[in-house]
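Structural description and commentary
Now for the letters of each chain:
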Amino acid sequence: MTTALTTTAFGPQLRHWRTLRRISQLDLAIRAETSQRYLSFLEQGRSQPGRTMVVRLAESLDLTLRDRNNLLLAAGFAPVFPESDLAAPELAPVREALTAVLDGHLPYPALVARPRGELVTANAAFDLFTDGVADHLLRAPMNVLRLALHPDGVAPRVRNLPEWGRHIIDALRSRAAHTPDPAVDALIAELSGYLPPVAPGPDHVGFAVPLHLRTDDGDLRLITTLTSFATATDVTLAELHLEAFLPADAESARILTLRAARRRPAGR
């Protein structure tokens, strides 16, 4: 008697992600609470997983919600995680929360962006990064990474452009290594072409590069923090991150407060 095996894209995708994460079949089997033999059969297409197993494997591989949905589709199941329109009525509480956080960060700049740098929203202090920028970089959808490093953008005012630019690109490369995306690869190639060479010295700290920015009010030194929706079950929310800039010294705080006072309407 012969047995016909039904193959789908699931096996190759599972093997791809396991290899990318540098996890052995045995380690993944232990994490997903299954056997190495069964996992081998899945990768070969000799067995087909149930929906619960696909979800467990995706969680064990630390996939994004979007990639978890794709793995489910490859196995023949409907996606589990919704992808909502950020403008949808059901996400109104999220939009209100983001606005409150952004406004609460004033007088310092803060923004919300998607993984490829597309700007979603920002607070009033974000004008720090749009002063003197060419119009073509401000058209929607605005890309804040391109805005930061393009010669027609903020780059001419960044005094430590080689170091700051590499800091941005290294973060992008780390994201691309965890979740491959051809569009991110193309963006990395583009942004790298805007940067002068850098030769880090012995005091260079790549993970904590402050932004040294020239303004009409004086030089600013800013550090950044990144916040994400760690418990999001919606693809749209899970892919958002909030970047908040903080002054690295008292003079930078004074300048940002001064700029905020000029924006404030009279009588307020």
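Everything that follows concerns the structure shown earlier in this document.
About the cut-offs
- Residues numbered from 1 in each chain as written.
- Predicted model: local features only at pLDDT ≥ 70, side-chain atom pairs only at ≥ 80, totals over all residues.
- Heavy atoms only, no water.
- Pairing = 2+ DSSP bridges.
- Helix = DSSP H or I, 4+ residues; strand = E, 2+ residues; numbered from the N terminus.
- Axes fitted to C-alpha atoms, helices over the stretch in contact; angles between N-to-C directions.
- Contact = heavy atoms within 4.5 Å.
- Parallel < 35°, antiparallel > 145°, perpendicular 65-115°, else oblique.
- Left-handed = near helix turned anticlockwise from the far one by under 90°.
- Nonpolar A, V, L, I, M, F, W, Y, C, P; charged D, E, K, R; others polar.
- Buried < 20%, exposed > 50% of the residue type's maximum accessible area, 1.4 Å probe, protein only.

Turning our attention to the sheet that holds strand E3 (residues 211-215). Here five strands make up an open sheet; going across it, the order is E2-E1-E5-E4-E3 and the pairing antiparallel. Among the strands making up the open sheet, the edge pair consists of strand E2 (119-122) and E3. The mean angle between the axes of side-by-side strands here comes to 30°, regardless of whether they run parallel or antiparallel. Alignment of strand E4 (residues 218-228) against strand E5 (residues 241-247), held across seven bridges, turns out to be antiparallel. Paired with Ser228 across the strands is His241, a residue of E5. Running at roughly 150° to strand E1 (residues 110-113), helix H6 (residues 92-104) makes contact with E1, E2 and E5 of the sheet.

In this section: the packing of helix H8 (residues 161-178) against helix H9 (residues 182-192). Helix packing geometry: the angle between the two helix axes and the distance between the axes. At a closest axis distance of 10 Å, the pairing of H8 and H9 adopts a crossing angle of 165°. In terms of axis orientation, H8 runs roughly antiparallel to H9. You can see that H8 and H9 cross each other, and the crossing is left-handed. Packed against H8, whose contacting residues are Arg166, Ile169, Leu172, Arg173 and Ala176, the element H9 presents Val184, Asp185, Leu187, Ile188, Leu191 and Ser192 at the interface. Here the contact of H8 with H9 is composed, by residue class, of seven nonpolar, one polar and three charged.

On to the pairing of E1. The side-chain alternation of E1 yields two buried faces, one formed by Ala110 and Val112 and the other by Leu111 and Ala113. Bridge count for E1 against E5 is four bridges, and the pairing is antiparallel. What sits directly across from Ala110, in E5, is Ala244. Judged from the three bridges that link them, E1 and E2 form a sheet pairing that is antiparallel. Directly across from Leu111, in E2, lies its bridge partner Ala122.

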